[in-house]
Amino acid sequence: MLAPLPYPPAAPTPAWCTMRGARRTNTGDAVITLKSYVQGQWVEGSGDFATLVNPATEAPLARTSTAGIDFAAVLDYARREGGPALRALTFAQRGALLKRMSKVLFEVRDALIDASIANGGTTRSDAKFDIDGATGTLAFYAALGDKLGNARTLVEGPGEQLLRSPRFCGYHLKTPRVGVAVHVNAFNFPAWGLAEKAAVALLAGVPVVSKPATATALLAFRVMERLVEAADLPLGALQLVCGGAGDLLEHLGPQDVLAFTGAGSTGAHLRALAPIVQRSVRVNVEADSLNAAVLGADVEPGSDTYQLFLRDTAREMTQKAGQKCTATRRILVPATQLDRVQEDLVESLSRVRVGDPALDDVRMGPLATAPQLRDVRAGLELLQKSGAHIVFGSATDVAPAGVPAGKGYFIAPVLLRADQPHAANAVHAHEVFGPVATLMPYRDAGDAAALVARGEGSLVNTIYTDDRANLETLLFAIAPHSGRILCGSAKIAEHSVGPGAVMPSCVHGGPGRAGGGEELGGLRGLDFYFQRTAVQGDRALLDRTLGVAPADAG
Ligand code: NAP
């Protein structure tokens, strides 16, 4: 999600790229068995294997299983070995660990891109988005660790005088929780998902058990192989579970945390699990989102801001075949501009070549799995029943380039239009996780804001306008419903990376449907992994004990 880092070019292909121990299927493709990295070793599941495929060809690539893994022991190992090892390090030393992780992954960037193309169905550019996002976020948190220096804990804000005497004072101390962070990730960002969560937890001093989605776990497995091989990870600091979660979450305790990214229904199920509720396990959920782009009434067709809106919207629909939590799903434009915007977007989308993502001129690959394709088609039906109609693309007609006939989980980009946006309930309530968005008219800024709010909480919404009054009306009305707002204008047309890029310095997460969570945001992200304790007592004694410089004292 960030620009590539200035590290040296890729090192020679690592040994694992030769896929030692692979067997061949009758299609001739090599199939490997993924292992989990738990309790300091690679462990193969004992049965009930899931098969991972190439979504462009449907050829099997790998199999994985977690059968036989003792998840209680995995968590205990993290608490017993990883936690103390990390807490013994200063922030600067944890930062150095993250820097190492970023560097060694960057050295095998090309091999990781290949794994992403093969198992994720990503184009090369989509794969870089995931992998550079992983190394970039690790590097960002490495630099934060460096800045925090030799401390191991943090004190928040100045001390507060509590009563009449200035001697009696209160501070807020942040210490790493002495449990384990379990990270459960979605299928769409196997590298970034693992790294962005791990970077924050490790910097806070909390060991991690990371569980990628099974269907696209090959890339996360490759990432972990490289980290184990070259990053000199402290024992127990980072474990990887490749395959089903089994009873992993049943063993979470009061010092543990769960950070989940995935479907809202899964998130709701997980946060209601009895052990999680009964032991007050801290939970962060990143879930579905019906992100909106609002084109301001002031924006003239053909202007820089209009072009930015078109460019962003077409990219957000098609990057990673629309399988991004930050993708734009609802496009709101002034009623007078509806036909013109439709024409221009259709023109942009018709230039997107769909096909085998390994081909250079292909701009959009397949969906990641067969169930994804089924869900997207079902979602399209739902949107149409709700009053939207397709103005470009189709649920079934697609002719992917460079792919055997009938193979792969392909769908063309689909643009829908709903002329009665307030009546099109499903458009505001059902996330179709593919290259799909709906164009809708609005009357005025108040109406646009009301339509955005119908999404009941978004990760990111975008406002395109050069009119300050218009921005003010939209921004303050939309903010309570948004985790992030990108304000697109002529002045940033050359600089903006669009709403889809998650920056580690800004919070990622959104209210309501989006899960109600928050990740990243620089130091803010660490709070999830800290216990914040109010400490009250004699100011001079606390200043010395907590290491607060007199200038910091209130
Ligand atoms: P999913 O089906 O909910 O799966 C997400 C993860 O949860 C996978 O690792 C899955 O493991 C695991 N899981 C499922 N059931 C579980 C259970 N009972 N116990 C423990 N773990 C369980 O979601 P997905 O299909 O991978 O991802 C698509 C969804 O994610 C979309 O709705 C999208 O909006 C959302 N998403 C949100 C964000 C965000 O930041 N807000 C980012 C990306 C995606 P298995 O694969 O082994 O089943």
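First things first, this report covers the structure right here in the doc. Quick caveat: nothing in here was measured; it's all calculated off a predicted structure.

Let's talk about the overall build of the protein chain
Here comes step 1: Across its full length, the protein chain holds 15 helices and 23 strands.
Here comes step 2: Relative to its length of 554 residues, the protein chain is compact, with a C-alpha radius of gyration of 24 Å against a globular reference of 24 Å.
Here comes step 3: The dimensions of the protein chain, computed from C-alpha atoms along their principal axes, are 70 × 65 × 45 Å.
Here comes step 4: Going through the 554 residues of the protein chain one by one, you find that 57% of them count as buried.
Here comes step 5: A separation threshold of at least 6 residues defines the contact pool for the protein chain, and within that pool the share at least 24 residues apart is 77%.
Here comes step 6: Once the 53 positive and 55 negative side-chain charges of the protein chain are each reduced to a mean point, those two points are 5 Å apart.

Structural notes on the pattern of salt bridges
Here comes step 1: Summed over all chains, the structure comprises 27 salt bridges.
Here comes step 2: For Glu225, the salt bridge goes to Arg222, with nearest N and O atoms at 2.9 Å. On the criterion of helical spacing, the pair formed by Glu225 and Arg222 is a turn pair, its members being three residues apart in helix α6 (residues 217–230).
Here comes step 3: Of the residues examined, Glu225 reaches a relative accessible area of 18% and is grouped as buried.
Here comes step 4: A relative accessible area of 6% means that Arg222 is categorised as buried.
Here comes step 5: Where salt bridges share partners, they join Lys103, Glu107, Arg226 and Glu229 into one cluster.

What about a nonpolar patch on the surface?
Here comes step 1: Together, Leu162, Leu163 and Phe168 make up an exposed nonpolar region whose accessible area comes to about 260 Å².
Here comes step 2: Within the secondary structure, Phe168 sits in strand β8 (residues 168–176).

Describing the sheet that holds strand β16 (residues 389–392)
Here comes step 1: The seven strands are arranged β16-β17-β18-β15-β14-β19-β20 in an open sheet whose pairing can be described as mixed. Since the sheet does not close on itself, it has two edges, and those belong to β16 and β20 (482–488), each with one partner. Across the sheet, the mean angle from the axis of one strand to that of its neighbour is 25 degrees, orientation sign disregarded.
Here comes step 2: As paired elements, β16 and strand β17 (residues 414–417) share three bridges and run antiparallel to each other. Counted as the bridge partner of Phe392 is Leu415 from β17.

Remarks on the site of the ligand
Here comes step 1: Looking at the ligand, there are 27 residues lining it, with Asn185, Thr214, Thr266, Glu431 and His508 nearest.
Here comes step 2: Backbone polar atom of Ala287 to a nitrogen atom of the ligand: 3.0 Å apart, as the coordinates give it.
Here comes step 3: Only β12 (257–261) and α7 (264–271) provide two or more residues apiece to the shell around the ligand.
Here comes step 4: Broken down by element, the shell around the ligand gets its largest block of residues, three residues, from α7.

Here's the deal with the pairing of β8
Here comes step 1: Summarising the sheet, strand β7 (residues 154–161) and β8 pair through five bridges and their orientation is antiparallel. Counted as the bridge partner of Glu160 is Gly170 from β8.
Here comes step 2: Connecting the antiparallel pair β7 and β8 is a turn made up of six residues.
Here comes step 3: In this sheet, strand β23 (residues 530–538) lies alongside β8 in antiparallel orientation, the contact comprising nine bridges. Looking across to β23, one finds that Cys169 is bridged to Gly537.

So, the packing of helix α5 (residues 190–204) against α6
Here comes step 1: Packing of α5 against α6 leaves a shortest axis separation of 7 Å and a crossing angle of 50 degrees. The angle between the axes of α5 and α6 places the two elements in the oblique class. Residues Pro190, Ala191 and Leu194 of α5 lie in contact with α6, whose contacting residues are Leu219, Ala220 and Val223.
Here comes step 2: Grouping the constituent residues of the contact of α5 with α6 by class yields six nonpolar, no polar and no charged.

As for the nonpolar core
Burial of nonpolar side chains together is a common tendency in soluble globular proteins.
Here comes step 1: If you look at the biggest cluster of nonpolar residues, it comprises 66 residues, and the most contacted ones within it are Leu34, Leu98, Met101, Tyr141, Leu227 and Tyr529.
Here comes step 2: Contributions of two or more residues to this core are made by β6 (60–64), α2 (91–107), α3 (109–120), α4 (124–148), α5, α6, β11 (238–240) and β12.
Here comes step 3: For this core, the leading source of residues is α5, giving eleven residues.
Here comes step 4: Excluding residues that lie within four positions of it along the chain, Met101 makes contacts with Leu138, Leu202, Leu227, Ala231, Leu233 and Leu238.
Here comes step 5: Membership of the second largest hydrophobic core comes to 37 residues, among which are Met364, Tyr409, Val432 and Tyr442.

Comments concerning the packing of α4 against α5
Here comes step 1: In the contact formed by α4 and α5, the axes pass within 7 Å of each other and the chain directions differ by 10 degrees. For the element pair α4 / α5, the angle class is roughly parallel. Along the contact surface, α4 presents Asp130, Ile131, Gly133, Ala134, Thr137, Leu138, Tyr141, Leu144 and Gly145, while α5 presents Pro190, Ala191, Trp192, Ala195, Glu196, Ala199, Val200 and Leu203.
Here comes step 2: When the residues that make up the contact of α4 with α5 are grouped by side-chain class, the tally is twelve nonpolar, three polar and two charged.

What counts and what doesn't
Residues numbered from 1 in each chain as written. Predicted model: local features only at pLDDT ≥ 70, side-chain atom pairs only at ≥ 80, totals over all residues. Heavy atoms only, no water. Helix = DSSP H or I, 4+ residues; strand = E, 2+ residues; numbered from the N terminus. Rg over C-alpha atoms; globule rule 2.2 N^0.38 Å. Buried < 20%, exposed > 50% of the residue type's maximum accessible area, 1.4 Å probe, protein only. Contact = heavy atoms within 4.5 Å. Lys, Arg positive; Asp, Glu negative; His and termini not counted. Charge placed at Lys NZ, Arg CZ, Asp CG, Glu CD. Salt bridge = Lys/Arg side-chain N within 4 Å of Asp/Glu carboxyl O. Patch = residues over 30% accessible without salt bridge, like charges linked within 9 Å, V, L, I, M, F, W, Y side chains within 5 Å. Areas by Shrake-Rupley, 256 points an atom, 1.4 Å probe, with all protein chains shown as cover. Pairing = 2+ DSSP bridges. Axes fitted to C-alpha atoms, helices over the stretch in contact; angles between N-to-C directions. Near = heavy atom within 4 Å. Polar contact = N/O pair within 3.5 Å; in protein donor to acceptor, adjacent residues only side chain to side chain. Parallel < 35°, antiparallel > 145°, perpendicular 65-115°, else oblique. Nonpolar A, V, L, I, M, F, W, Y, C, P; charged D, E, K, R; others polar. Core = buried A, V, L, I, M, F, W, Y, C linked by side-chain atoms within 4.5 Å.

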